[in-house]
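# Working through the structure, step by step
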Amino acid sequence: MKMRGSDHKNLLMVMMVVTVAAATRGEDGFVTWGDNYYKTWGHPALVINETSELQLTLDHKSGSGFESYKIYGSGSFNMRIKSPQTRSTEVITSFYLRSKSSRNDELCFQIFGNGPGYLLNTNIFLYGEGGKDQRFRLWFDPTEDYHSYRFLWNPYQVVFYVDDTPIRVYRKKPDIYYPSVQTMFMHGSVENRTMVDIKDMSYNAKFQASKIDGCATEFMSIEKCFGLEFWWNRKENWELTSKERKLYMNARKVYLDYDYCSDRKRYPKVPQECRSYG
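Conventions we followed
- Residues numbered from 1 in each chain as written.
- Predicted model: local features only at pLDDT ≥ 70, side-chain atom pairs only at ≥ 80, totals over all residues.
- Heavy atoms only, no water.
- Disulfide = S-S within 2.5 Å.
- Helix = DSSP H or I, 4+ residues; strand = E, 2+ residues; numbered from the N terminus.
- Buried < 20%, exposed > 50% of the residue type's maximum accessible area, 1.4 Å probe, protein only.
- Salt bridge = Lys/Arg side-chain N within 4 Å of Asp/Glu carboxyl O.
- Phe/Tyr/Trp six-rings, centres within 6.5 Å; stacked < 30°, edge-to-face > 60°.
- Lys NZ or Arg CZ within 6 Å of the ring centre and 35° of its normal.
- Pairing = 2+ DSSP bridges.
- Expected span 1.5 Å × (residues − 1).
- Arc of directions from axis to C-beta.
- Contact = heavy atoms within 4.5 Å.

## Some points on the state of the cysteines
- Per the counting criterion, the structure on display carries two disulfides.
- Here C215 is linked by a disulfide to C225, with a sulfur-sulfur distance of 2.1 Å. Where C215 bonds to C225 through sulfur, the torsion about that S-S bond is close to -75°, and the disulfide is left-handed. Here C225 lies in the loop between β14 (203-217) and α2 (242-255) and C215 lies in strand β14, a separation of 10 residues in the sequence.
- Judged by its relative accessible area of 4%, C215 falls in the buried class.
- Put simply, C261 and C274 are joined by a disulfide, and their sulfur atoms are 2.0 Å apart. The disulfide joining C261 to C274 has a torsion of about -95° about its S-S bond and is therefore left-handed. Highlighted residues: C261 in the segment after β15 (256-259) and C274 in the segment after β15, separated in sequence by 13 residues.
- Taking relative accessible area as the criterion, C274 reaches 15% and is therefore assigned buried.
- Taken N- to C-terminal, the disulfide-bonded cysteines of the chain are connected 1-2, 3-4.

## Observations concerning the pattern of salt bridges
- Evaluation of the coordinates by the stated rule reveals nine salt bridges.
- Of the charged contacts, one joins K224 and E218 as a salt bridge, the two residues approaching to 2.8 Å between their closest N and O atoms.
- Each of R135, R137 and D257 takes part in one network of salt bridges that share partners.

## Details of the packing of aromatic side chains
- Tallied over the entire structure, the rule returns 16 aromatic pairs.
- Relative to Y177, the ring of Y127 lies with its centre 5.7 Å away and its plane at 40°, an arrangement referred to as tilted. With Y127 in the loop between β8 (119-125) and β9 (134-137) and Y177 in the loop between β12 (165-171) and β13 (184-192), this pair connects stretches of sequence that are 50 residues apart.
- A relative accessible area of 43% places Y127 in the partly exposed class.
- The class for Y177 is partly exposed, based on a relative accessible area of 27%.
- Between the aromatic rings of Y260 and Y277, the centroid separation amounts to 6.1 Å while the plane-to-plane angle is 85°, which identifies the pairing as edge-to-face. Separated by 17 residues along the polypeptide, Y260 in the segment after β15 and Y277 in the segment after β15 bring together distant segments of the chain.
- On the basis of relative accessibility, which here comes to 0%, the residue Y260 falls in the buried class.
- Connected via pairs of aromatic rings, a cluster forms that spans F95, F109, Y149, F151 and F160.
- For R168, the ring lying beneath its charged end belongs to F160, and the centroid distance is 5.7 Å.

## Notes on the pairing of strand β11 (residues 157-162)
- Within β11, six of the six residues are buried, leaving the element largely enclosed by the surrounding structure.
- Across the two faces of β11 the burial is the same, with Q157, V159 and Y161 and V158, F160 and V162 all buried.
- Here five bridges tie strand β10 (residues 147-153) to β11, and the two strands are oriented antiparallel to one another. Residue pairing in the sheet places L152 in a bridge with V159 of β11.
- Hairpin connection between β10 and β11: a loop of three residues separates the two successive antiparallel strands.
- Bridge count between β11 and β12: six bridges; the pairing is antiparallel. The partner of Q157 across the bridge, within β12, is R171.

## Details of α2
- Across its 14 residues, α2 extends 20 Å between first and last C-alpha, which sits within 8% of the 20 Å expected from 1.5 Å per residue.
- Buried residues of α2: E244, Y248, A251 and R252, and no others. Looking straight down α2, one finds that the buried residues subtend no more than 95° of arc, so they occupy a single side. What points out from α2, more than 90 degrees from its buried face, is the exposed set S242, K243, K246 and K253.
- In this structure, the buried residues of α2 make contact with β9, β11, β12 and β15.

Pasting the structure below:
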């Protein structure tokens, strides 16, 4: 992910306990960590209770990250996250979907430390181009309890939800790139990008009770995931409901802290894809 960087020598210690449970097809209930996710970088993962809990470590040597075994072409991807209490804005707890290609697509939540006034950054990579940040002041303390962070991704729109409130919408428009070409894996990570006083050690961050309704497919078979047999692809999910629209407009009005589409210093010309928001 763009904000990770390769240098982890100044990382502080964070213990992340991750409860990762994905709903399987049919009536099989929940499946285990080992069936669905694996460590991609950093410290070895510690599986708790041999089921769906995973502990990741962030210290002075490295952070940690995981990835789904399955690759998806559409779906509703929800993680409940309790982020660590820290004075450093450089401690980042992330949940994201990302394709594997030299021109990747990505949808990303990033919770920054340093409360009160925690910030949630959202980013989208479109065919390898990132820097599409929209940042929000959270209306709650993400370190006190679990909160839901969800992507709705279908052939018509991408919606970022926080506790069922839509905060960012990217809609398919003619002649503008839309992320319906590349399949994506699901990821989570914890990392830090700066020197932190050793006295600040250690913190706990938790991912809990994931609800994953995704269309698992093969690497080059995203078209299999466009059908109406999947509830998230049906017409009622092609745009926000009237209730969601009100929540969306209020969140943007009250809590939006930064929008790259309005940043003329960074982008003298409004990026073309900004027409796809809203």
